[in-house]
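Chain by chain, the residues:
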Amino acid sequence: MTKENILFTNGLPLKESPYPGFNQTEYVLNKGEIIKEGRMPLASDVLVQQDVKVPLSDGTNIYIDIFRPNKSGKFPVVLWYAPYGKRNSLLNMDNFNHPTRMDVKPEWEDGLNAFEAPNPSYWVSNDYIVISPDPRGIGSSEGNAYAWGSQNAKDEYDLINWIENQEWSNGSVGTTGTSFLAMTQYKVASLKPRALKAIAPWEGAFNPFAESMARGGVPDLGFSATLSRMLYTDAQIEDTGAMFMADPFYNDYWADKTPDLSDVEIPAYFVGSWTNALHSKGATEAFTKLKSENKWLRIHNTHEWTDYYNPENVEDLRRFFDHYLKGVDNGWESTPKVRMTVLNPGHEDIVNRPEESYPPKGQTIQTLYLNKENDDLTLTNSPKLSEDSISYDVTSEGITFKMTMPESSEYIGQFSAKLFVEAVGNDDMDLFIFIRKIGLDGEKLEPEIVTDRFYPGPNGRLRVSQRKLNTAESTPLNPVLLQTGEEKLNQNEIVEVEVPFWPFGMKWKKGEVLEMTISPNDQIIRPEFPDLPPVPTINKGQHKIYFGGQYDSQVRLPLIKN
């Protein structure tokens, strides 16, 4: 895929944005100063250099803001990279129509920070420099804007090389940030810039195609395509939605946006959660694929922004950067390699439990079979001997199988399902599977992500025409789809399919019910955008699920022993 074949679209006019305009200047902000009402006072004096020009290797100039200690010396640099705007970003915690700002307290931000990016004054007060860039095509930076991929990574590589050669730099750069800011870190790390000494991706998708654009083969452009049109710029923006519509399968274009970490040995601190509708697979995927032995994974039980700005976690990140960017012998390497969260809705979550690895040791596969007992749909340890089936109309909520837990059980890792299915009145079908917990009182118990916004539990999805597996990478708990083409269904054809889930960690107590719903519709409501419409499907007619006898339809659970 060449640049000439990439489709672009117009952004929003820069003159209509909160962007304050190009202004090359230098000034000092004083300790204790409050930049925005309710935000934390600045923890130290901050020397600000605005709109500093950085020439890239192809002659394009981008512009960055530099936040420095107001004293002489050489300091390590904390860098983020994303297209949201380095000053007065359109996106911020106040415009998500949530009563508690997505549970990010105003005093956790300093008002200098960009969206999903670090607080400059905190890091400056600890003798770091923070660099906030407007990448290619954003703000006053030249060129057109790109999403992830080689061009984005090459530009960030050039910026890191430029940083290394500045008189105020100690030659050590660490990258940080959530979501898009995490995703850019994977790709630039694969280029191995000399000054990049550590990365800290907080909740970023690893494979944008398989995780964001077409999870399970089901196109979901509501968020991703909209993002391309939410950026203020007078330049052009790479239109990932149009690129998907032009060819809705995994190809060279999307392969260029999937990082290869198999030969990357940089120290890394990964953060993830089980309840992120965009990123839940990314952190564990990147952690397992990174070659480095110096890597850490922490799974939390809140939202990515809540976790990122929580002062306790900022201090934890500083310990990591102090060790790798300053050479401080602070005991960081004794930090547990994995700090695990096990969600337990209705009870107290287990948070930051030390583990030696991910997946945790002691993981075994528990297989539950779809069954029917006295007209009740159940999940059982043994398959039904005789063949059976059940149908549901695609205008319904689907069908639900249940099992009352005979003992307390904990599940951590990938879930998966094998089904035998038929599309009645259609040549394709979109399947969505949700596993939920039902309490002893019969009430549905779902993890609360932020105040008053919930997530159903472990879930998977599949467009059946894209059921073909990458057999080289697939395992029973982690079926990996090729997504390079489609194979439609014939009338009356029954096919075996593997439904991939995203990883999850949750606990059921004895007597609680594990409930599995097979649905024709997505039931995830994104906490950031609760009014976003459900994922559109190609469903029509009826779905028929076969089980028993030769049809050993089943769900596989990553049971943790001991």
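Only a predicted model underlies this, so the values are computations on that prediction, with no experimental measurement involved. (Residues numbered from 1 in each chain as written. Predicted model: local features only at pLDDT ≥ 70, side-chain atom pairs only at ≥ 80, totals over all residues. Heavy atoms only, no water.)

1. What to know about unusual backbone geometry
Across the junction of Tyr358 and Pro359, the peptide omega takes the value -5°, indicating a cis bond. Tracing the chain through its elements places Pro359 in the loop between strand S13 (350-355) and strand S14 (363-373). At Arg101, a position not held by glycine, the phi torsion is positive, near 55°. With respect to the secondary-structure elements, Arg101 resides in the loop between strand S5 (75-79) and helix H1 (120-125). On the accessibility criterion, Arg101 (9% relative accessible area) is buried. With phi around 60°, Lys192 is a residue other than glycine that occupies positive phi space. (Helix = DSSP H or I, 4+ residues; strand = E, 2+ residues; numbered from the N terminus. Buried < 20%, exposed > 50% of the residue type's maximum accessible area, 1.4 Å probe, protein only.)

2. A closer look at empty space enclosed by the protein
Enumeration over the complete set of coordinates arrives at 6 cavities of 30 Å³ or more. If you add up the space inside the largest cavity, you get close to 190 Å³. Lining the largest cavity are 20 residues, with Pro83, Tyr84, Gly85, Leu90 and Tyr232 positioned closest to its centre. In terms of residue class, the lining of the largest cavity is built from 12 nonpolar, 5 polar and 3 charged. If you add up the space inside the second largest cavity, you get close to 150 Å³. Lining the second largest cavity we find 15 residues, and of these Glu116, Ser179, Phe223, Trp305 and Phe529 sit closest to its centre. Mapped by element, the contributors of at least two residues to the lining of the second largest cavity are helix H5 (221-228) and helix H9 (304-309). Considering only residue class, the lining of the second largest cavity consists of 10 nonpolar, 2 polar and 3 charged. (1 Å grid on protein atoms, 1.4 Å probe; cavity = no way out; pocket = protein on both sides within 12 Å on 5 of 7 lines; lining within 4 Å. Points joined across faces, edges and corners; volume = space filled by probe spheres on them. Nonpolar A, V, L, I, M, F, W, Y, C, P; charged D, E, K, R; others polar.)

3. Here's the deal with the UniProt feature "domain: Xaa-Pro dipeptidyl-peptidase C-terminal" (unreviewed entry) in the protein chain
Feature annotation in UniProt places "domain: Xaa-Pro dipeptidyl-peptidase C-terminal" (unreviewed entry) on residues 318-556, given in this structure's numbering. Overall, residues 318-556 shows 3% helix and 42% strand. The separation of its end C-alpha atoms is 39 Å. (UniProt positions renumbered as here; feature names shortened; annotations may be inferred.)

4. Concerning the environment of Leu14
Along the chain, the position of Leu14 falls in the loop between strand S1 (8-10) and strand S2 (25-29). Separated by 465 residues in the primary sequence, Leu14 and Pro479 have C-alpha atoms spaced 44 Å apart. Once you skip the residues sitting within four places of it in the chain, Leu14 turns out to touch Tyr19, Gly139, Tyr232, Thr233 and Asp234. (Contact = heavy atoms within 4.5 Å.)

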